[in-house]
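A structural walkthrough
Chain by chain, the residues run as shown.
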Amino acid sequence: MKINIDIRDLFGEVAQLRLESEIDKLGLEIDTQGKQVIVKKGNHLGIYTKAENIEIHIQKQVEIYRALSFLKEEQVPLLLEQKPCFDTLGYMIDVSRNAVLTVTAIKDLLFKMAVMGFNMCMMYTEDVYEIENEPFFGYMRGRYTKEELKSIDDYAYELGIELVPCIQTLGHLENALKWGDLAKYKDTSSVLLAGDEAVYDLIERMIASTSDVYRSRRIHLGMDEAMDLGLGRYLQKHGYTNGFEIIKGHLDRVEEIVKRYGLRPMIWSDMYFRLGSEEHFYYDEACSIPQEVIDHASEDIELVYWDYYHKTHSFYNDYIEKHKQFKANTIFAGGMWTWVGAAVNYPLFFKTSIPALESCVTKGIKEVLLTAWGDNGAEANIQGFLPALQVYAEFCYNGKFNLDCVKERFKQCIGEDIDPFLEIGQFDALPMLEHLVNDVPNPSKFLFYQDPLVGLFDEDVKDLERRSHYEKLAKVFENHSKASKQYSLLFRFYSEMARFLSYKAELGIDILNAYKQENEEKLASIVTVDLELAIQYLNQLRSTWRELWFTTNKAFGYEVIDIRLGGLLARLESTQLRLNQYIHRQIDSIEELEVERLNILRGKNVSGLEGAYVWANIVTANKI
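Since the model is a prediction, treat every value here as computed from it, not as a measurement.

What follows covers the overall build of the chain. A tally of helices and strands in the chain yields 24 helices and 13 strands. Against the compact-globule benchmark of 25 Å for 624 residues, the chain has a radius of gyration of 26 Å, which places it among compact chains. For the chain, the spread of C-alpha atoms along the three principal axes comes to 90 × 70 × 45 Å. In the chain, 75% of the contacts between residues at least 6 apart in sequence involve partners at least 24 apart. In the structure as shown, the chain presents an accessible area of about 25,100 Å², 48% of it carried by carbon and sulfur atoms. Averaging the coordinates of the 69 positive side-chain charges in the chain and doing the same for the 96 negative ones gives two points 2 Å apart.

Next comes the structure, spelled out in structure tokens:
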């Protein structure tokens with residue numbers, strides 16, 4: 001039987017349905033090509049094709065959309081039964097690292113999540129929401145109004161997705177605390193002053209603001225990576241205090257606030273483990289958390305174990321067990337590897353995510369989140385993240401990973417082939433890198449931004465193939481751009497990025513070699529050909545990047561991209577000028593090229609290669 005349902009056309013009708021315990025049959029009856037589709041409540045997702053109709057059984061509201069996505073195929077399944085291995089399948093969107101998604105973009109994403117079967121979404125909002133009497137909180141950062149958040153929450157609710165606020169009530173607040181009006185709340189540049197009454201008044205206003213907007217009675221309070229807790233103004237006021245004591249006191253106060261608002265809180269778990277490690281390292285297998293701390297920890301504050309790095313079941317199994325020392329429920333959060341530059345590192349996503357999900361099943365974890373962080377400028381566009389969502393969804397509903405299944409479902413849910421998206425991961429997969437014992441190298445970012453004369457990382461990559469790799473990628477993504485119906489602009493961006501990198505990635509080494517060899521003919525060719533083309537391609541890329549940004553994000557934050565690309569353009573032009581001055585004997589030498597290049601990313605372990613993730617540390621050895 002062949003039918004084809006447009007799920008978006010049915011949204012208004014489906015959204016009116018709510019699962020209620022006292023009813024068995026839901027009111028949706030779709031008549032398509034003579035075949036009636038009836039939705040019933042069940043204890044799992046099921047599709048049953050009968051002679052007279054198609055029955056859809058669902059346990060969760062959102063499963064209506066996942067079930068309907070199977071009916072988009074030409075061949076409707078005669079029988080399909082899926083029981084999710086996780087009760088909660090969530091996705092956390094980072095809207096705090098410059099890229100603040102528009103309401104339209106978030107709603108479009110929520111619809112795609114519903115079709116895949118996600119039933120939770122978090123919006124990570126450090127300071128991009130309104131707080132009463134704090135005009136500088138989220139100032140010029142694209143913060144959401146209450147009306148915008150209510151609109152998003154309403155839409156998520158209609159889809160059957162729980163929208164959960166994800167805020168910060170301890171660290172990661174440097175963007176807010178830098179303003180004079182908010183500086184009174186800080187311990188250090190990014191951490192709130194624990195124990196201070198004004199701080200708890202601020203936190204209560206945070207809680208009140210989110211409680212007023214979101215339907216969900218769950219809330220994520222953050223509390224992660226506050227490594228310098230108690231070492232700033234707290235130290236001046238109270239003297240040195242054990243970190244566990246500060247955390248305990250602060251959590252008690254915040255829990256008291258959220259309980260008054262009838263909320264069920266969760267926090268990132270790392271501060272407990274960092275304080276129990278001599279190296280203050282989250283993943284220290286030798287960490288020892290005092291029993292009195294475990295006993296004191298509230299059973300009502302759920303712990304989110306975030307881990308994006310490990311590749312073995314043994315590590316995940318061990319750390320899940322460490323979390324089970326606490327009385328509170330443990331939620332697992334994996335990572336999409338969206339934060340190391342403009343390209344998602346899909347190979348690393350697969351290597352870390354599959355064993356993590358398998359360990360969650362083995363260890364009985366019932367709630368999992370997929371996080372998509374935008375550290376250091378949110379350079380990767382959210383449209384490129386969709387395959388990772390599909391991987392999590394299919395694992396949840398099938399209880400295992402099967403790439404062929406993921407590819408088939410991506411076509412059903414998104415309407416495009418998945419392979420072009422997965423090839424984005426090739427930007428950081430330079431030939432020979434797989435043979436290096438490495439950290440997480442991201443050459444597509446540090447080769448992109450590094451200065452052509454200073455060449456901080458040229459010594460690290462001088463033996464790696466670069467130009468031909470990016471030349472091939474430019475052609476690959478140019479073809480993808482032509483073939484794609486929905487994501488042509490995204491793939492054009494990657495094609496232009498690769499084309500620019502095919503010139504820029506080897507530019508510094510070419511200049512240095514020609515300079516040392518006193519090959520003025522080669523230097524002149526670099527000036528008139530290589531640099532000219534690099535400048536031309538960078539200008540084209542900048543135009544496309546701007547267009548892509550505004551398809552999904554608010555305006556605030558794009559100025560950072562402009563500043564970065566504008567600075568790179570200026571340095572390319574300055575390089576042309578300096579080389580011309582040298583060629584025409586206006587200067588005797590080029591100082592930057594006289595300095596011996598050192599290994600930075602390889603260090604003492606020359607067989608390995610690390611990454612460089614912060615723009616300010618890539619473009620110069622000086623202070624910005």
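Structure's up, so let's keep going.
Glancing now at the side chain of Glu506. Relative to the helices and strands, Glu506 resides in the loop between α19 (488-504) and α20 (507-516). By relative accessible area, which is 14% here, Glu506 ends up buried. In this structure the side chain of Glu506 is engaged in a polar contact, spanning 3.1 Å, whose partner is the backbone nitrogen of Arg467. The residues touching Glu506, leaving out its near neighbours within four places in the chain, are Arg466 and Arg467.

Ranked by size, the top nonpolar core spans 220 residues in total, and within it Tyr91, Leu110, Tyr272, Phe427 and Phe448 carry the most contacts. Take this core: its biggest share by element is 12 residues, from helix α21 (residues 520-552). Leave out the neighbours within four places in its chain, and Leu110 touches Cys121, Ile152, Tyr155, Ala156, Leu159 and Ile161.

What follows covers the side chain of Asp451. Position of Asp451 among the secondary structure elements: in the loop between α16 (443-449) and α17 (458-461). Take Asp451: its relative accessible area is 7%, and that puts it in the buried class. A polar atom in the side chain of Asp451 sits 2.4 Å from the side chain of Arg571. Residues within four places of Asp451 in sequence aside, it is in contact with Arg571 and Val619.

Here the focus is the packing of aromatic side chains. In this structure the tally under the stated criterion is 52 aromatic pairs. The interplanar angle of 65 degrees and the centroid separation of 5.3 Å between the aromatic rings of Phe349 and Phe350 together place this pair among those described as edge-to-face. Of the residues examined, Phe349 reaches a relative accessible area of 0% and is grouped as buried. The ring of Tyr157 has Arg215 sitting right over it, with the charged end atom 4.2 Å from the ring centre.

Turning our attention to the confidence of the model for the chain. Of all residues in the chain, 93% attain a pLDDT of 70 or more, and the chain-wide mean is 93. The model gives residues 20-25 a pLDDT under 50, and that stretch makes nine contacts with residues more than four places away or in other chains.

In this section: the packing of helix α13 (residues 386-398) against helix α14 (residues 403-414). Packed helix pairs are specified by the crossing angle of their axes together with the interaxial distance, meaning the distance between the axes. At their nearest, the axes of α13 and α14 sit 9 Å apart, and the two run at 115 degrees to each other. Looking at the two axes, α13 sits roughly perpendicular to α14. In this structure, the crossing between α13 and α14 has a hand that is right-handed. Judged by residue contacts, Leu386, Pro387, Gln390, Val391, Glu394 and Asn398 of α13 engage Cys405, Val406, Arg409, Phe410, Cys413 and Ile414 from α14.

Once the charged atoms of two side chains with opposite charge are near each other, the side chains can pair. Scanning all chains against the criterion turns up 42 salt bridges. Between Arg215 and Asp154 there is a salt bridge; the shortest N-O distance is 2.9 Å. In this pair, Arg215 is assigned in the loop between α6 (197-213) and β9 (218-220) and Asp154 in helix α4 (residues 146-159), connecting sequence segments 61 residues apart. Overall, Asp154 belongs to the partly exposed group, its relative accessible area being 34%. A salt bridge links Glu302 to Arg264, with the shortest nitrogen-to-oxygen separation between them at 2.8 Å.

For the rest of this paragraph, the subject is unusual backbone geometry. Although it is not a glycine, His172 sits at a positive phi angle of roughly 60 degrees. Relative to the helices and strands, His172 is located in the loop between β8 (162-166) and α5 (174-177). The backbone phi angle of Met223 is positive, close to 75 degrees, even though this residue is not glycine. Relative to the helices and strands, Met223 is located in the loop between β9 and α7 (233-238). Accessibility expressed as a relative area gives 2% for Met223, which makes it buried.

Here α4 spans 20 Å end to end across 14 residues, near enough to the 20 Å set by a 1.5 Å rise per residue. Buried within α4 we find Leu149, Ile152, Asp153, Tyr155, Ala156 and Leu159. For α4, the angular spread of the buried residues around the axis is 160 degrees, confining them to a single face. Following α4 by one or two positions, Gly160 has its phi on the positive side, about 90 degrees.

Cut-offs applied
- Residues numbered from 1 in each chain as written.
- Predicted model: local features only at pLDDT ≥ 70, side-chain atom pairs only at ≥ 80, totals over all residues.
- Heavy atoms only, no water.
- Helix = DSSP H or I, 4+ residues; strand = E, 2+ residues; numbered from the N terminus.
- Rg over C-alpha atoms; globule rule 2.2 N^0.38 Å.
- Contact = heavy atoms within 4.5 Å.
- Areas by Shrake-Rupley, 256 points an atom, 1.4 Å probe, with all protein chains shown as cover.
- Lys, Arg positive; Asp, Glu negative; His and termini not counted.
- Charge placed at Lys NZ, Arg CZ, Asp CG, Glu CD.
- Buried < 20%, exposed > 50% of the residue type's maximum accessible area, 1.4 Å probe, protein only.
- Polar contact = N/O pair within 3.5 Å; in protein donor to acceptor, adjacent residues only side chain to side chain.
- Core = buried A, V, L, I, M, F, W, Y, C linked by side-chain atoms within 4.5 Å.
- Phe/Tyr/Trp six-rings, centres within 6.5 Å; stacked < 30°, edge-to-face > 60°.
- Lys NZ or Arg CZ within 6 Å of the ring centre and 35° of its normal.
- pLDDT = per-residue confidence, 0-100.
- Axes fitted to C-alpha atoms, helices over the stretch in contact; angles between N-to-C directions.
- Parallel < 35°, antiparallel > 145°, perpendicular 65-115°, else oblique.
- Left-handed = near helix turned anticlockwise from the far one by under 90°.
- Salt bridge = Lys/Arg side-chain N within 4 Å of Asp/Glu carboxyl O.
- Expected span 1.5 Å × (residues − 1).
- Arc of directions from axis to C-beta.

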